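# Summary of the model geometry
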Amino acid sequence: MEKLDTILFYSLEKAIKSYRQFAQRNMMTNGFDLTIDQWLVLKAVSDNPDWTQQEIAEAAFKDFASVTRIVEILVKKQYLTRAIHSNDRRRFNLSPTDKAIAKLQAMQPITERNRKQALDGISKEEVAHLHKYLTKIIENCKS
């Protein structure tokens, strides 16, 4: 019977969770009050202001209810504004505030440092190959 540490997808999941914990710890240590999930949602809204909450949920790998809770938190923290959509009263228009844009910009150097440290000892060519393989796995799993 195979052992967990010999299963590729176990190692992949462990790497992702390790990186998230590492990145979250560094963000908190540097005084930032956003979780990784809150950052993901805020970044998705900032980069794609016309997206629906469902599209944001898909991009952030979260269910709709989780994104709704995260949006609530971000509105309370004054990182997002929420207005009723002009054509569909069931939807909201989400917009990052100036405070959010400044926070995302301030977090960028730490985000880059986190990624650099996590990829230490891995060449750009190896990263490109890994990205290619992960993209292939994603495509293989779509149905």
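Refer to the structure printed above.
Summary of the structure given here. (Residues numbered from 1 in each chain as written. Predicted model: local features only at pLDDT ≥ 70, side-chain atom pairs only at ≥ 80, totals over all residues. Heavy atoms only, no water.)

### Concerning the overall build of the protein
Inclusion rule: Where helices and strands are cited, they refer to DSSP runs of H or I of at least four residues and of E of at least two residues respectively, numbered from the N terminus. The buried label applies to any residue whose accessible area, calculated with a 1.4 Å probe on protein chains only, is under 20% of its type's maximum; exposed applies above 50%, and partly exposed to all values in between. Should any heavy atoms of two residues lie within 4.5 Å, those residues are considered in contact. Here the accessible surface of atoms and residues is derived via Shrake-Rupley with a 1.4 Å probe, and residues count as covered only by protein chains that are part of the display. Under the convention used here, Asp and Glu are negative, Lys and Arg are positive, and both His and the chain ends fall outside the count. Charge coordinates come from a single atom per side chain, which is NZ of Lys, CZ of Arg, CG of Asp or CD of Glu.
Tallying secondary structure elements over the protein gives six helices and two strands in all. The order of α-helices and β-strands along the protein, N terminus first, is α-α-α-α-β-β-α-α. Projected onto its principal axes, the C-alpha positions of the protein cover 55 × 40 × 30 Å. Scored against the burial criterion, the 143 residues of the protein give a buried share of 26%. Taking as baseline every contact in the protein between residues at least 6 positions apart, the subset at least 24 positions apart corresponds to 49%. As displayed, the protein offers around 10400 Å² of accessible surface, 56% of which is attributable to carbon and sulfur atoms. Taking the average location of the 23 positive side-chain charges in the protein and that of its 18 negative ones, the two points are 4 Å from each other.

### Remarks on the nonpolar core
Definition in use: In this text, buried Ala, Val, Leu, Ile, Met, Phe, Trp, Tyr and Cys residues form a nonpolar core when linked through side-chain atoms within 4.5 Å.
By size, the foremost hydrophobic cluster in this structure holds 22 residues, and its most contacted members are Val41, Leu42, Ile56 and Leu74. Mapped by element, the contributors of at least two residues to this core are helix H2 (36-47), helix H3 (53-60), helix H4 (64-76) and helix H5 (98-118). Per-element tally for this core: the top contributor is H2, with five residues. With near-sequence residues (within four places) excluded, Leu42 lies in contact with Leu34, Leu74, Tyr79, Leu80, Pro96, Ala100 and Leu104.

### Comments concerning the packing of aromatic side chains
The cut-off we apply is this: Any two of the Phe, Tyr and Trp rings considered here, Trp counted by its six-membered ring, make a pair once their centres fall within 6.5 Å; the pair's planes then place it as stacked at under 30 degrees, edge-to-face at over 60, or tilted in between.
Under the criterion given, the structure shown has one aromatic pair. With a centroid separation of 6.2 Å and 50° between ring planes, the pair formed by Tyr19 and Phe22 is classed as tilted. You can see Tyr19 and its partner Phe22 sitting in helix H1 (residues 8-29), three residues apart, about one turn around the helix.

### Things to note about the layout of surface pockets
What counts is decided by this rule: Here a cavity means grid points, on a 1 Å grid over the protein atoms only, where a 1.4 Å probe fits yet cannot get out; a pocket means an open set of points with protein on both sides within 12 Å along at least five of seven lines; lining residues are those with an atom within 4 Å of a point. Grid points are joined across faces, edges and corners, and a volume is the space filled by probe spheres set on the points. Gly counts as polar in this scheme, as do all residues outside two lists: the nonpolar Ala, Val, Leu, Ile, Met, Phe, Trp, Tyr, Cys and Pro, and the charged Asp, Glu, Lys and Arg.
The volume enclosed by the largest pocket comes to roughly 1600 Å³. Of all the elements in the fold, those that place two or more residues in the lining of the largest pocket are H1, H2, H3, H5 and helix H6 (124-141). Counting residues per element, the lining of the largest pocket draws most heavily on H1, at 11 residues. For the lining of the largest pocket, a count of residues per class yields 23 nonpolar, five polar and six charged.

### Focus: the pattern of salt bridges
To be explicit about the condition: By convention in these notes, a salt bridge is any Lys or Arg side-chain nitrogen within 4 Å of a carboxyl oxygen on Asp or Glu.
Evaluated as defined, the whole model comprises seven salt bridges. The closest approach of N and O atoms between Glu72 and Arg82, which form a salt bridge, is 2.5 Å. With Glu72 in helix H4 and Arg82 in strand E1 (residues 80-84), this residue pair connects regions lying 10 residues apart in the sequence. Assessed through its relative accessible area of 31%, Glu72 is described here as partly exposed. By relative accessible area, which is 32% here, Arg82 ends up partly exposed. Through salt bridges with shared partners, one network takes in Arg20, Asp37 and Lys62.

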